[in-house]
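# Summary of the model geometry
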Amino acid sequence: MASTSNGPAVRRDLPPGQRRRDDFPRFGKSSLPPPRVPDDPVLAVTGAVEHELRLPLGELIQGLTRVDQIADFHCVATWSATGLHWSGFSFRQFWGQVVVPHCRPVDDAIAVIARGADGWRAVIDLRDALADDVLLADRLDGRPLDGTHGAPLRYVSPGQYGYKNVKHLVGLEVTRAFPKPGLVLGEHRRARVAFEERDPWMDPRPYRLIGRALIPLVLRLNRRSTRT
Ligand SMILES: Nc1nc2c(c(=O)[nH]1)N[C@H]1C(S)=C(S)[C@@H](COP(=O)(O)O)O[C@H]1N2
Ligand SMILES: [Mo]
């Protein structure tokens, strides 16, 4: 989209099939309130590794470099929130400085299964996990993450659809195989926004229509579950 001299300074196109929202609503499958954050939150690294690790978040962030990043967020149901300011730690640095030396993943590891405290899970191809812009984020827009957006720690991968951006992150399970995705609104192995990899089987066009139709219901369920 070309900008005119009087128009906004920055005007970018969204990825295919996406529509901008002005807000950043709580979304996702969960119609339950956000999970309670324990006093001493821990991230567990398990699976195809020599040594499993349970890492208190306070320790995890020691020795890692804080990274601030502005990124857009794209839900597979076609809404996008733009210009979110995340702060946290590079997943690649975490992998290289913590997971590889301390856990020793098997040579043929291909993915990690990221789990949220609410039972959400996403399988993440290591090629995507090790991209430049993937963060373990603990802050959003200048404040600690709240229950709405994934306290205390969130996996943030702007190049992939929202469903790979696991909130309330509690576990990373290293794996040698990619589990078979579900048949109905399943999880794409890569879920790259730029290639519109919404679903492992379904064409993106019908998927867009289904996603759009579901947005009001999912918003309503999420709103109801966060009302106090
Ligand atoms: N733990 C957890 N992570 C999750 C979800 C969830 O329900 N639980 N929903 C996913 C989906 S489908 C989307 S679009 C985003 C929504 O993030 P938001 O609630 O911060 O907008 O979180 C993703 N990560
Ligand atoms: Mo989503």
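## Digging into the side chain of Arg198
- With respect to the helices and strands, Arg198 occurs in the loop between β11 (169-175) and α4 (204-226).
- A polar atom in the side chain of Arg198 sits 2.8 Å from the side chain of Glu196.

## Describing α4
- With 23 residues, α4 should reach 33 Å at 1.5 Å per residue; the first-to-last C-alpha distance of 31 Å fits that figure.
- Of all the bends in α4, the largest measures some 40 degrees and sits at Ile215, one to four residues before the proline Pro216.
- Taken together, the buried residues of α4 touch β1 (19-21) and β5 (79-90).

## Here we look at the site of ligand 1
- Around ligand 1 sit 21 residues, and of these Pro25, Asp118, His149, Arg154 and Lys167 come closest.
- The separation between an oxygen atom of ligand 1 and a polar main-chain atom of Phe27 is 2.8 Å.
- The side chain of Lys167 places a nitrogen or oxygen atom 2.5 Å from an oxygen atom of ligand 1.
- Out of a free accessible area of 530 Å², ligand 1 has 97% covered by protein chains.

Here is what the cut-offs are and how they apply
Residues numbered from 1 in each chain as written. Chains lettered and ligands numbered in written order. Predicted model: local features only at pLDDT ≥ 70, side-chain atom pairs only at ≥ 80, totals over all residues. Heavy atoms only, no water. Helix = DSSP H or I, 4+ residues; strand = E, 2+ residues; numbered from the N terminus. Polar contact = N/O pair within 3.5 Å; in protein donor to acceptor, adjacent residues only side chain to side chain. Expected span 1.5 Å × (residues − 1). Bend = angle between axes of the 7 residues up to and from the residue. Contact = heavy atoms within 4.5 Å. Near = heavy atom within 4 Å. Areas by Shrake-Rupley, 256 points an atom, 1.4 Å probe, with all protein chains shown as cover.

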